[in-house]
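As a plain string of letters, each chain reads:
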Amino acid sequence: MSAHKKISETAARWFIRMQEAAPDAPERSQFEAWLMQHPLHQQEYASISDAWQGIDSIGDLQTMAQAKQADVFFKQSERRKSRQKLAGTVAGVVAALCIGWAGLHQYQVWQSTPTLQLAAQTTTAQLTTQTLDDGSLVTLNANSRIEIKYYRNQRHIDLLQGEAVFEVQPDRDRPFVVETQRLKVTVLGTRFAVNKLKQLERVSVDHGKVQVLDKQDQQGLILQNNQVAEINQHGLQARPQVSAQDYFRFISGTLVFNQASLSEIAETLSRYQQQPVTSDDRSSEKISAVVAIKDSNSFIATLPRIANVRVHRSPEGIQLETYPVAK
């Protein structure tokens, strides 16, 4: 086999492997190293990628493999760059692609089959810590719910409701991923917290390093020791003036509010009250306070003294109402 043909086939195999590889998959670094070894590697990989644009199924591949003249395919392709050069190369590569496609499908099925599935839920005022199979710890705050799925190439958590702290055991071959409706947090080994509220979601890193991604606009941040980021109606943003340590203190029975909205305060307090606490969401005030969870009722009673709020109690629950501002 000529050196050129060998490079072409290697490029084809890398192309197949990279289609489903996660952004942080260890093999990506191997692929990038191969790509940078020689300009010809980059050229051949680009050619394979270019040819692939017109392929929609394994049927297309089989049609190409059976064709007597590979350049028929390229004459019909929208992309004309490097056709003559690829026509001689692709015939030998297509058969490998066909086999690779089938093998890739089987590999994907194997990778997508969970090795562990768990669900956990806490009730009002309940706090629980669970050790997972890999030694990672999950502490679930009150009134919270998660689903856990471990795969051969990833450890995945869906935070469906509430708040959780994760102390992750490092495993480079299986990144630890936590997802909410709006956020995706990827980590190899660290301790961090994720809080899912109605109007915002927060990630706080005690130590280590995580990548936080806004799933809607694909904007991301890297958080490290004692850093915090939040996502709200304005998008994902860091909060540099806030200590991440504050958002782990609920484990020891203390709530810390850092310039929190009335909505955040109400939803947080609801986790520890038999009756729900709601707000009218009209207040633009930001409140900072440190509250012992056992004294949360007393804190609610004192809110009118520190904010433009009145407390209305009824059989349905506790309503925090904003006083109308006099003109």
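Residues numbered from 1 in each chain as written. Predicted model: local features only at pLDDT ≥ 70, side-chain atom pairs only at ≥ 80, totals over all residues. Heavy atoms only, no water.

S.K.: Can you lay out the pattern of salt bridges for me, pointing to particular residues and giving the numbers?
M.R.: Within this structure, the stated rule accounts for eleven salt bridges. Among the salt bridges present, the one from Glu-163 reaches Arg-271, with a minimum N-O distance of 3.0 Å. Note that Glu-163 is positioned in strand S5 (residues 155–167) and Arg-271 in the loop between helix H7 (262–270) and strand S15 (277–279), a separation of 108 residues in sequence. Side by side, Glu-163 and Arg-271 carry an identical accessibility label, which is buried. Between Arg-174 and Asp-171 there is a salt bridge, and its shortest N-O distance comes to 3.3 Å. Arg-174 sits in the buried class, given a relative accessible area of 17%. Since its relative accessible area comes to 23%, Asp-171 is described here as partly exposed. Where salt bridges share partners, they join Arg-202, Glu-230, Arg-239 and Glu-264 into one cluster. (Salt bridge = Lys/Arg side-chain N within 4 Å of Asp/Glu carboxyl O. Helix = DSSP H or I, 4+ residues; strand = E, 2+ residues; numbered from the N terminus. Buried < 20%, exposed > 50% of the residue type's maximum accessible area, 1.4 Å probe, protein only.)

S.K.: Describe in detail the sheet that holds strand S18 (residues 317–322), supporting the description with residues and values.
M.R.: Spatially, the three strands line up as an open sheet ordered S15-S18-S17, and their pairing is mixed. Two strands bound the open sheet, and with one partner strand each, they are S15 and strand S17 (309–314). Each strand of the sheet is rotated relative to its neighbour by a mean of 25°, with strand direction disregarded. Pairing geometry for S17 and S18, over six bridges, is antiparallel. Of the residues in S18, the one forming a bridge with Val-309 is Thr-322. Taken strand by strand, H7 contacts S15, S17 and S18, and its axis lies near 170° from that of S15. (Pairing = 2+ DSSP bridges. Axes fitted to C-alpha atoms, helices over the stretch in contact; angles between N-to-C directions. Contact = heavy atoms within 4.5 Å.)

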